[in-house]
Amino acid sequence: MESSVRRLACIGACAIFVSVTVSGVPARAGEPAQPAGAWQRPVDGAVVRPFQQPSSIYGPGHRGVDFAAAPGTPVHAANDGVVSFAGSVAGTLHVTVAHDGNLRTSYSFLQTIGVREGQAAARGDVVGTTGGAGSDHDASVLHFGLRTGETYVDPMVLFRPDDLTKLVRLVPAGDPHEAPWTSADERRELQASLHLPSPGQPVAGSSAADEADGDGCGPDVPVVGAVVDAACDVGDWLGDRAGVAVDAGLRALHAAAGTASDVLDGLRGPLHDTIAMLRALPATVASGLARTPIGMLALDIVEIGRRFADTVTTDCTDYAAPADGTGGSAHRVMVLAGINSSGQAGDRGPTVALDVAALGYHRGEGEVRFYSYAQDGGPYDAGATRGSLLTAARRLADQLRAMQREQPGREVDLIAHSQGGVVVDVFLHKVYRAADPTLPPIGTVITLSSPHEGAPLATAGSQVRSSSAGKWVLDEVGHRFGSLPPPNAVSVRQLSEHSSLIRGVQRGGVPEHVDYTSIGATEDLVVPATNISLRGATETTVAVNSPGEHSAIVQDPNALRAVRAALEGRAPPCVGLGTALRGAIAPVLISRASHGFGDVAGAALGGGTR
């Protein structure tokens, strides 16, 4: 955050000017004659995306240029310098070269790296090859950046005609970066400029100080409420793609509902303006805008566009075999049910109507265990599901240790429904250690309609219950409809989108080397698919086409097909356009309705709003 503030200040304070010097050297074989100090393009391809100066640190822009380059194309150092960074940031490969004049060139989304930190690099030396992808850049481009001090500038000024540059030096009028740049500095700079998630760092909309200091875009920005999380997401997570997501969302609405194009065209300008303001304003100010009708609409349209784009561009399996008893993982399995479940548990089960035989598991051979919420690991009733989820995670560890004692070293898959998936998250985040010999190796983890980002209904319940009148209403509802978990239950409070437990789950993400798939239903009213995301997990949404999708997903053929694909290490099944549109639009509308209910009911009954 501090680095971001410094860069923002520098953008406003630094004046960039160009000075030109000219001298000549002999040409290399096969190259046109170039003067000494001339800058060389890193690859020969055309510019497919130009530099766009951002208006603020999170404002619209593109901090570099993208050159067309087929995968495997050698990438050349643009000029003499020293490699100041060569490595991975958020799973993508990058090289930075420091040059005279306080300049740095960066070569991003590489397939391979051919240099090491501290190595001298001459103009034209190969620093790596193209073919990596990430953060709105596919394998067909090289992203090339140029910094002077801490300010990103258009790198194409390096390659202007002879009358402008034989040697270009960009000199900031303010103080240069005085301390030597370290590898960690370069990594943070790349992460911030390319909107890359930093491994081990909080996801957008959260911070290491969340549990103590409330919500925020970062530790220095205290804000309140989920609407600000969404505003932070637009600036921090979507980055330069937010504007594209607006257009994609409008197209999705037109395709799904036939909304008149002139109506959408009338919305496009105000929505783009609103998104730009949300990204440029401080988070505490953006929260007010995010609560207005146009702010809420803009955020919803962005989410619809993002979801639709993710669905149609993510790798998928054209033909996914049905769950018919064949295939599977050949592992054992622990099945976890959700809140208000009950049953025999253990090898007696079931506690949830998941057809384990269809997924290739054999109960008669001791391959299947059903998780128990009870302290002794035996039969349990609905009340046992309403306690602390951290306690439930520890009990999961105990029951997995029993499986390890039965068949040491045999992998165990975890398949969970609803709240059971959050129990798995807490287990992986708080309890599990890969090197613990008392635990079995964890195979594939799959969750069905699990609220990894919290459940909007749990959030609404906590809002309504914050007043004495709301507490009375909910107690009456719980008394008349005994099947509903009471909103004051510990697990329900922990499933709120704002709980410290859910924020810890989101910060932790999926541990390395764990194969995790999260599956949601297009019209799940209990856990909308907007809330099933977990950093590091494969995510897919299926059309369940049954009343009560939240419960029905565990028996739905489309969902079981996706489960089998995950167990066999394949990408999720491809979906048709109709399902893609439903999966993009319906969850956003459901989530908005749930949050709206909490806001209205909480205010009407004297409670708080988000």
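Look up a bit, the structure's there.
So, here's what we can say about the structure. Remember, it's a predicted structure, so these values are computed and weren't measured experimentally. (Residues numbered from 1 in each chain as written. Predicted model: local features only at pLDDT ≥ 70, side-chain atom pairs only at ≥ 80, totals over all residues. Heavy atoms only, no water.)

All right, on to the sheet that holds strand β20 (residues 538-542) then. A sheet is described by the order of its strands in space; here six strands give the open sequence β16-β15-β17-β18-β19-β20, paired in parallel fashion. Strands with a single pairing partner mark the edges of an open sheet, and in this sheet they are β16 (368-370) and β20. The sheet shows a mean angle of 15° between the axes of neighbouring strands, taken without regard to direction. Of the strand pairs in this sheet, strand β19 (residues 515-521) and β20 are connected by five bridges, and their pairing is parallel. Its bridge partner being in β20, G520 is matched across the sheet by T541. Against the sheet, helix α9 (residues 389-406) makes contact with β15 (332-336), β16, β17 (412-417) and β18 (442-448), and its axis sits at roughly 160° relative to β15, the strand it touches most. (Pairing = 2+ DSSP bridges. Helix = DSSP H or I, 4+ residues; strand = E, 2+ residues; numbered from the N terminus. Axes fitted to C-alpha atoms, helices over the stretch in contact; angles between N-to-C directions. Contact = heavy atoms within 4.5 Å.)

On to unusual backbone geometry. For the bond from G349 to P350, the omega torsion is -10°, close enough to zero to count as cis. Relative to the elements of secondary structure, P350 occurs in the loop between β15 and β16. Even without being a glycine, S418 presents a positive backbone phi close to 55°. Turning to its location among the elements, S418 is positioned in the loop between β17 and α10 (419-431). Positive phi, normally seen in glycine, also occurs at N545, with a value near 60°. Looking at the element boundaries, N545 is found in the loop between β20 and α15 (549-552).

On to the environment of Y361. Topologically, Y361 is positioned in the loop between β15 and β16. Owing to a relative accessible area of 3%, Y361 belongs among the buried residues under this scheme. In this structure the C-alpha to C-alpha distance between Y361 and R332, which are 29 residues apart in sequence, comes to 7.1 Å. Those residues in contact with Y361, other than ones at most four positions away along the chain, are S329, H331, R332, V333, V356, E367, V368, D413, I415 and L567. (Buried < 20%, exposed > 50% of the residue type's maximum accessible area, 1.4 Å probe, protein only.)

If you check α9, its first and last C-alpha atoms are 26 Å apart, about what 18 residues at 1.5 Å a residue would give, namely 26 Å. What α9 keeps buried is the set L389, A392, A393, L396, A397, Q399, L400, M403 and Q404. At the N-terminal end of α9, a side-chain oxygen is found 3.2 Å from the backbone nitrogen of L390, two or three residues along, and the residue is S388. (Expected span 1.5 Å × (residues − 1). Polar contact = N/O pair within 3.5 Å; in protein donor to acceptor, adjacent residues only side chain to side chain.)

Looking now at a nonpolar patch on the surface. On the surface, L457, L525 and V526 cluster together into a nonpolar patch covering about 260 Å² of accessible area. By the secondary structure assignment, L457 is in helix α11 (residues 456-464). (Patch = residues over 30% accessible without salt bridge, like charges linked within 9 Å, V, L, I, M, F, W, Y side chains within 5 Å. Areas by Shrake-Rupley, 256 points an atom, 1.4 Å probe, with all protein chains shown as cover. Salt bridge = Lys/Arg side-chain N within 4 Å of Asp/Glu carboxyl O.)

In this section: the state of the cysteines. If you walk through the whole model with that rule in mind, you get one disulfide. What pairs with C316 in a disulfide is C574, and their sulfur atoms sit 1.9 Å apart. Linking C316 and C574, the disulfide has an S-S dihedral of approximately 85° and is accordingly described as right-handed. With C316 in the loop between α8 (293-313) and β15 and C574 in the loop between α16 (557-567) and α17 (577-604), this pair connects stretches of sequence that are 258 residues apart. For C574, a relative accessible area of 28% corresponds to the partly exposed category. (Disulfide = S-S within 2.5 Å.)

What follows deals with the packing of α9 against α10. Close contact between α9 and α10 brings their axes to 8 Å; oriented N to C, the two are set at 75°. Viewed along their axes, α9 and α10 adopt a mutual orientation that is roughly perpendicular. Contacts from L389, L390, A392, A393, R394, L396, A397 and L400 of α9 reach α10 at Q419, V422, V423, V424, V426, F427, K430 and V431. (Parallel < 35°, antiparallel > 145°, perpendicular 65-115°, else oblique.)

The next point concerns the pattern of salt bridges. Applying the stated rule across the entire model yields eleven salt bridges. One network of salt bridges, in which partners are shared, links D324, R564, E568 and R570.

So yeah, pure geometry; function would need other evidence.
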